[in-house]
Amino acid sequence: MAKAGNVKAALAVFWSFFGVRKRRDYDDDAQSLTPVQVIIAGLIGAAVFVLTMMLLVYLAMQFVK
């Protein structure tokens, strides 16, 4: 089993957040990615998402004043 790179893990998590993974791609990722890669990429992706939402709310509040 070949190990995939961190970029592939990040892309797999990114597309999974949107729910648009093809079955073929999911099967390929399941064989090439380790659970640790997916968990770390998911945590980083979630943190980036939350921080982005916080930034957007902050910017929106600045325009409301």
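Residues numbered from 1 in each chain as written. Predicted model: local features only at pLDDT ≥ 70, side-chain atom pairs only at ≥ 80, totals over all residues. Heavy atoms only, no water.

What follows is about the packing of aromatic side chains. The tally for this structure, following the rule as stated, stands at 3 aromatic pairs. Geometrically, the ring pair formed by Phe14 and Phe18 is edge-to-face, given 5.1 Å between the ring centres and 75 degrees between the ring planes. Here Phe14 and its partner Phe18 are both found in helix H1 (residues 6–18), 4 residues apart, which amounts to about one turn of the helix. Three or more aromatic residues joined by ring pairs form one cluster here, namely Phe14, Trp15 and Phe18. (Phe/Tyr/Trp six-rings, centres within 6.5 Å; stacked < 30°, edge-to-face > 60°. Helix = DSSP H or I, 4+ residues; strand = E, 2+ residues; numbered from the N terminus.)

Of all residues in the protein, 94% have pLDDT values of 70 or greater, and the mean over the chain is 85. Across the protein, helix H3 (residues 35–64) holds the top mean pLDDT of 93, while helix H2 (residues 23–32) sits lowest at 81. (pLDDT = per-residue confidence, 0-100.)

Turning next to the nonpolar core. Listed in full, the 5 residues of the largest apolar core are Ala9, Ala12, Val13, Leu33 and Ala41. Those residues in contact with Ala9, other than ones at most four positions away along the chain, are Leu33, Gln37 and Ala41. (Core = buried A, V, L, I, M, F, W, Y, C linked by side-chain atoms within 4.5 Å. Buried < 20%, exposed > 50% of the residue type's maximum accessible area, 1.4 Å probe, protein only. Contact = heavy atoms within 4.5 Å.)

Following the sequence through the fold, Ser32 ends up in helix H2. Within the structure, Ser32 has its side chain in polar contact with the backbone oxygen of Asp28 (distance 3.0 Å). (Polar contact = N/O pair within 3.5 Å; in protein donor to acceptor, adjacent residues only side chain to side chain.)

The end-to-end C-alpha separation of H1 is 19 Å, in line with the 18 Å expected for 13 residues at 1.5 Å each. Buried within H1 we find Ala9, Ala12 and Val13. The arc enclosing the buried residues of H1, seen along the axis, measures out at 95 degrees, which places them on a common side. Seen from the buried face of H1, the exposed residues on the opposite side, beyond 90 degrees, are Val7 and Phe18. Looking one or two residues beyond H1, the residue adopting positive phi is Gly19, at roughly 75 degrees. (Expected span 1.5 Å × (residues − 1). Arc of directions from axis to C-beta.)

Secondary-structure assignment places Ala47 in helix H3. Classification of Ala47 by relative accessible area gives partly exposed; the value is 38%. In this structure, the C-alpha to C-alpha distance between Ala47 and Ala30, residues 17 residues apart in sequence, is 23 Å.

Inspection of the secondary structure assignment puts Ile44 in helix H3. For the pair Ile44 and Leu56, spaced 12 residues apart in sequence, the C-alpha separation works out to 18 Å.

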